[in-house]
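Spelled out from the first residue to the last, the chains are:
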There are 2 protein chains.
Amino acid sequence: MTRQASSPEKSGDTLKDRTLERLQKLILTGNLNPGAKLLETQVAAQLDVSRATLREAMVQLSEIGLLVYLPFRGTFLRTLDPVDLDEIYSFRTGLEKMAFQFCWDKRDLISLADLQMRNNKLCDCISNNDPYGAIMAEMHLHSWCYELSGHTLLLQSWERLKPNLQFYFAMHQKAHGRGGPLHESHDKYIQLANGDSLDDMLDHLEDHMRQGLENTMKFLDERNVS
Amino acid sequence: MTRQASSPEKSGDTLKDRTLERLQKLILTGNLNPGAKLLETQVAAQLDVSRATLREAMVQLSEIGLLVYLPFRGTFLRTLDPVDLDEIYSFRTGLEKMAFQFCWDKRDLISLADLQMRNNKLCDCISNNDPYGAIMAEMHLHSWCYELSGHTLLLQSWERLKPNLQFYFAMHQKAHGRGGPLHESHDKYIQLANGDSLDDMLDHLEDHMRQGLENTMKFLDERNVS
DNA sequence: GATTTTCATATTGTCGACAATTTGTATTAT
DNA sequence: ATAATACAAATTGTCGACAATATGAAAATC
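Computed from a prediction, not measured in an experiment: that's the story for all the values here. (Residues numbered from 1 in each chain as written. Chains lettered and ligands numbered in written order. Predicted model: local features only at pLDDT ≥ 70, side-chain atom pairs only at ≥ 80, totals over all residues.)

Draft legend 1. Region of the structure containing the overall build of chain A. A tally of regular secondary structure across chain A gives nine helices and three strands. Counting from the amino terminus, helix and strand elements in chain A follow one another as α-β-α-α-β-β-α-α-α-α-α-α. Counting every position in chain A, which comprises 226 residues, the buried fraction comes to 33%. Here the analysis covers contacts within chain A between residues at least 6 apart in sequence; of these, 72% occur between residues at least 24 apart. (Helix = DSSP H or I, 4+ residues; strand = E, 2+ residues; numbered from the N terminus. Buried ≥ 20, exposed ≤ 12 C-beta atoms within 10 Å, placed from the backbone. Contact = placed C-beta atoms within 7 Å.)

Here is the structure:
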């Protein structure tokens, strides 16, 4: 028996998977408010699938943490208070430090060129005034170290965390119109990733993430929706 | 809206949840072989639930990684080759290092006494020649830092990883009759957790885990079941 | 005899209906 | 008027049946 493919989901072959992705997109596009209750009948009708199919997708999104399932009470879109955001960022920091430790010795010209390309894409989006694309591009940039690490569990953890981050960005975007990644914000990141000191890279990660969190936190004073 | 309880699952109130736990127990008890196909009809009949209910539970176990879902092909019990085991252990090491960083300043007399109790429980199980209990007790011991950290994401990650570890122990036990944790294996762990140096604790974690992995790896030469 | 094709069977995917539980409303008692 | 209770409506939980797909065996072809 051979090892399963590195991307367990993304198959999209089955209706449940397509439903999962469509529902996730619906959430990540900002159509729903944090804490909102998702009525199974209503959502199923909206996506034109049966409740059973929708429920399987919802179980999966609950496992990721985008949805919160309460038995007999319903399934709700997650909320994002400062504590949640702090957890997401601190966890993300630890995870990405692990990823760099694992990928460090696997870097080569090809993979580093790939990293550079991801950064260029990000810069393009920012230049073209495409905040949604910029967010996606930044995610893709940060995925680099996880993919290179070849560590399945690590990559899966990141894949699980990512939608929650995207969700925050979507909310942020919706509330304040602007607020994606900044120009040249990843210059030092790229530079250190090309360098010789893993310790410097790890230290910078702390700074990089803390800065991202702070940039992000100062908008969170307004109320957190119901 | 208040924050959801720290233990999202464990509700067991609904049949799906009870089914999930029973199926997990079935797996963790060693009744199934790695890579074995789980026929929905058969398992549903065995657990006396409908397929729809079983499928929701299976989706959840697939998300944890205990099961591997292949669209239209079936759902299979995970396999455990040396690469998998290495990933589990290295990921666990990184996770637990994070946990100790987060919990370090939260230690107090009460929580440290709790840690001591968990170790005593472990020693009791070993003395009483209760390998299954010892495995559970060791897990519980290691859960201490995650719980104390108060970091939801971290704890969830550990809770997701745990069944995979337990599964390995179950297989190990089944194949070689013996092989739970050893007496006094956690003495230094406890000692350092009570100490003043976080760095020493983190260093020891690497050793502690590596030793656990090696103790464990040397039995893996036999074939990996079909 | 080996390979491809066809077809029956088994298994998974999806659905709509019914049962159990919650939630909100109207009623009653104090 | 307020609080407790009973009830009706809405929502989730669970199920069995049918559709779509994969699997394996028999038949046909080379």
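Once the structure has been displayed, the description carries forward.
Draft legend 2. Highlighting the protein's contact with DNA strand D. Looking at DNA strand D, there are 18 residues lining it, with A:Gly74, B:Leu15, B:Ser50, B:Ala52 and B:Phe72 nearest. Contributions of two or more residues to the surface near DNA strand D are made by α2 (40-47) and α3 (51-64) of chain A together with α1 (15-28) and α3 (51-64) of chain B. Class assignment of the residues belonging to the surface near DNA strand D gives a composition of eight nonpolar, five polar and five charged. (Near = placed C-beta within 6 Å. Nonpolar A, V, L, I, M, F, W, Y, C, P; charged D, E, K, R; others polar.)

Draft legend 3. Highlighting the packing of α2(A) against α3(A). Residue and element names in this part refer to chain A. Viewed as axis vectors pointing N to C, α2 and α3 meet at an angle of 105°, and their least axial separation amounts to 9 Å. One element, α2, and the other, α3, form an angle in the roughly perpendicular class. Together, Glu40, Thr41, Val43, Ala44 and Leu47 of α2 and Arg51, Leu54 and Arg55 of α3 make up the contact between the two elements. In the contact of α2 with α3, the residues fall into four nonpolar, one polar and three charged. (Axes fitted to C-alpha atoms, helices over the stretch in contact; angles between N-to-C directions. Parallel < 35°, antiparallel > 145°, perpendicular 65-115°, else oblique.)

Draft legend 4. Representation of the interface of chain B and chain A in the model. Each partner contributes to the interface: chain B provides 25 residues, whereas chain A provides 25 residues. Those elements that provide at least two residues to the side of chain B that touches chain A are α3, α4 (82-103) and α7 (152-176) of chain B. The dominant element in the side of chain B that touches chain A, judged by the number of residues it contributes, is α3(B), at six residues. Considering only residue class, the side of chain B that touches chain A consists of ten nonpolar, ten polar and five charged.

Draft legend 5. Looking closely at the sheet that holds strand β1 (residues 37-38) of chain A. All names here are of chain A. Read from one edge of the open sheet, three strands run β1-β3-β2, paired in antiparallel fashion. Looking at strand neighbours, the two that pair on one side only are β1 and β2 (67-70), the edges of this open sheet. As judged from the two bridges shared by β1 and strand β3 (residues 74-77), these two strands associate in the antiparallel manner. Within the sheet, the bridge partner assigned to Lys37 lies in β3 and is Phe76. (Pairing = 2+ DSSP bridges.)

Draft legend 6. Representation of the protein's contact with DNA strand C within the structure. Taken together, 18 residues lie around DNA strand C, and A:Leu15, A:Ser50, A:Ala52, A:Phe72 and B:Gly74 are the ones closest in. Those elements that provide at least two residues to the surface near DNA strand C are α1 (15-28) and α3 of chain A together with α2 (40-47) and α3 of chain B. The element that contributes the greatest number of residues to the surface near DNA strand C is α3(A), accounting for three residues. Grouping the amino acids of the surface near DNA strand C by side-chain chemistry returns eight nonpolar, five polar and five charged.

Draft legend 7. Representation of the sheet that holds strand β1 (residues 37-38) of chain B. One open sheet accounts for three strands, arranged β1-β3-β2 (chain B); its pairing is antiparallel. Only two strands of the sheet have a single neighbouring strand rather than two, namely β1 and β2 (67-70) of chain B.

Draft legend 8. Representation of the relation of the copies chain B and chain A in the model. Each copy superposes on the other: chain B lies on chain A with an RMSD of 0.0 Å after a rotation of 180° and an axial shift of 0.0 Å. Interpreted geometrically, this transformation is the action of a two-fold axis. If distances are taken from each C-alpha of chain B to the rotation axis, the shortest is found for B:Glu56, at 2.9 Å. (Least-squares fit on C-alpha atoms with pLDDT ≥ 70 in both.)

Draft legend 9. Region of the structure containing the environment of A:Val83. Residue and element names in this part refer to chain A. Its place among the elements puts Val83 in helix α4 (residues 82-103). Residue Val83 is classed as exposed on the basis of its C-beta count, with 11 C-beta atoms lying within 10 Å. Sequence separation between Val83 and Met201 is 118 residues; the distance between their C-alpha atoms is 26 Å.

Draft legend 10. Geometry of the packing of helix α5 (residues 109-127) of chain A against helix α6 (residues 131-149) of chain A. All names here are of chain A. Between α5 and α6, whose axes approach to 8 Å, the crossing angle comes to 165°. Compared by their axis directions, α5 and α6 come out roughly antiparallel. Relative to α6, the crossing made by α5 is left-handed. Only Gly133, Ala134, Ala137, Glu138, His140, Leu141, Trp144 and Leu148 of α6 make contact with α5, whose side of the interface consists of Ser111, Asp114, Leu115, Arg118, Asn119, Lys121, Leu122, Cys125 and Ile126. Looking at the contact of α5 with α6 residue by residue, the class counts come to nine nonpolar, four polar and four charged. (Left-handed = near helix turned anticlockwise from the far one by under 90°.)

Draft legend 11. The pairing of β2(B), seen in detail. The side-chain alternation of β2(B) yields one buried face, formed by B:Leu67 and B:Tyr69, and one unburied face, formed by B:Val68 and B:Leu70. Turn length for the β2(B)-strand β3 (residues 74-77) of chain B hairpin, with the two strands adjacent in sequence and antiparallel, is three residues, and the turn residue B:Phe72 shows positive phi of about 70°.

Draft legend 12. Spotlight on the environment of A:Asp17. Within the secondary structure, A:Asp17 sits in helix α1. Sequence-wise, A:Asp17 and A:Leu85 are 68 residues apart; in three dimensions their C-alpha atoms are separated by 27 Å.

Draft legend 13. Spotlight on the pairing of β3(B). Direction of pairing for β2(B) relative to β3(B): antiparallel, over a ladder of four bridges. Residue pairing in the sheet places B:Leu70 in a bridge with B:Gly74 of β3(B).

Draft legend 14. Here's a closer look at unusual backbone geometry. Residue and element names in this part refer to chain A. The phi dihedral of Asp48 falls on the positive side, at around 60°, and the residue is not glycine. Along the polypeptide, Asp48 turns up in the loop between α2 and α3. For Asp48, a count of 9 C-beta atoms within 10 Å puts it in the exposed group.

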